[in-house]
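The lines below spell out each chain.
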Amino acid sequence: MYLVKGKTHLYVHPMEISGYCETLHIPQITAILKKGGRTFRLVKDTIAEEVYSFTNEEEMEYYRARYGTCIHRNILDAFSNRRAGKEDILSMMASRINVATTLHLHGIGYDSPAYRFVHEAYDRLVNNGKLKENVREIGCCNIIMAISNTNAI
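Model, not experiment: these values are computed from the prediction.

(A) Spatial organisation of the environment of T39. In this structure, T39 sits in the loop between α1 (26–34) and α2 (56–67). T39 sits in the exposed class, given a relative accessible area of 73%. Measuring from C-alpha to C-alpha, the distance between T39 and H72 comes to 53 Å, with 33 residues separating the pair along the chain.

(B) Fine view of the packing of aromatic side chains. Counted under the stated rule, the structure contains 8 aromatic pairs. An angle of 55° between the planes, with centres 5.2 Å apart, marks the rings of Y2 and Y11 as tilted. Given a relative accessible area of 52%, Y2 falls into the exposed group. Grouping aromatic residues by their ring pairs yields a cluster made of Y52, F54, Y62, Y63 and F117.

(C) Looking closely at the pattern of salt bridges. Counted according to the given criterion, the structure contains 4 salt bridges. The salt bridge involving R64 is made with E61; its shortest N-O contact spans 2.6 Å. Taken together, the residues R64 and E61, both in helix α2 and 3 residues apart, mark about one turn of the helix. With a relative accessible area of 41%, E61 lands in the partly exposed category. The partner of K86 in a salt bridge is E133, and the shortest N-O contact between them spans 3.6 Å. A residue pair is termed long-range when its members are at least 10 positions apart, and K86 in helix α4 (residues 86–97) and E133 in strand β4 (residues 131–138) qualify at 47 residues. You can call E133 partly exposed: its relative accessible area is 34%. A network of salt bridges, in which partner residues are shared, links E57, E61 and R64.

About the criteria used
- Residues numbered from 1 in each chain as written.
- Predicted model: local features only at pLDDT ≥ 70, side-chain atom pairs only at ≥ 80, totals over all residues.
- Heavy atoms only, no water.
- Helix = DSSP H or I, 4+ residues; strand = E, 2+ residues; numbered from the N terminus.
- Buried < 20%, exposed > 50% of the residue type's maximum accessible area, 1.4 Å probe, protein only.
- Phe/Tyr/Trp six-rings, centres within 6.5 Å; stacked < 30°, edge-to-face > 60°.
- Salt bridge = Lys/Arg side-chain N within 4 Å of Asp/Glu carboxyl O.

Right, dumping it as structure tokens:
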């Protein structure tokens with residue numbers, strides 16, 4: 001069951017309520033829950049993290065403004081120091097910079113702005129010749145590894 005009001009979107013689990021709650025709704029919801037009911041009682045309420053109400057484009061602009069000057073260097077460092085596949089490294093980097101938004105509350109996916117931001121920066125490095133991609137065929141899969149051209153032999 002979901003509780004929805006404005007941008008507040010809470011999921012009612014058997015043991016807890018979780019999701020995004022606008023600040024103005026917190027006192028009202030807490031007061032209702034403190035009254036208790038026949039089948040539940042409020043044990044504690046916790047605000048876990050700040051959530052931004054960005055659109056996808058606003059979120060991309062946030063990443064550009066905050067990480068635009070260092071993302072290329074971070075990607076080059078990641079690929080020169082790690083022996084992991086391209087997607088593993090890009091996903092890890094996107095997870096590190098990801099901010100919770102009302103549209104992307106729980107982590108990243110290939111369509112999330114954080115992942116797209118990191119992937120676009122990676123593509124620019126490949127297109128500019130600063131990273132070189134190597135494709136390895138393992139069984140039925142292609143694994144893409146990338147190395148910094150400064151480390152290429």
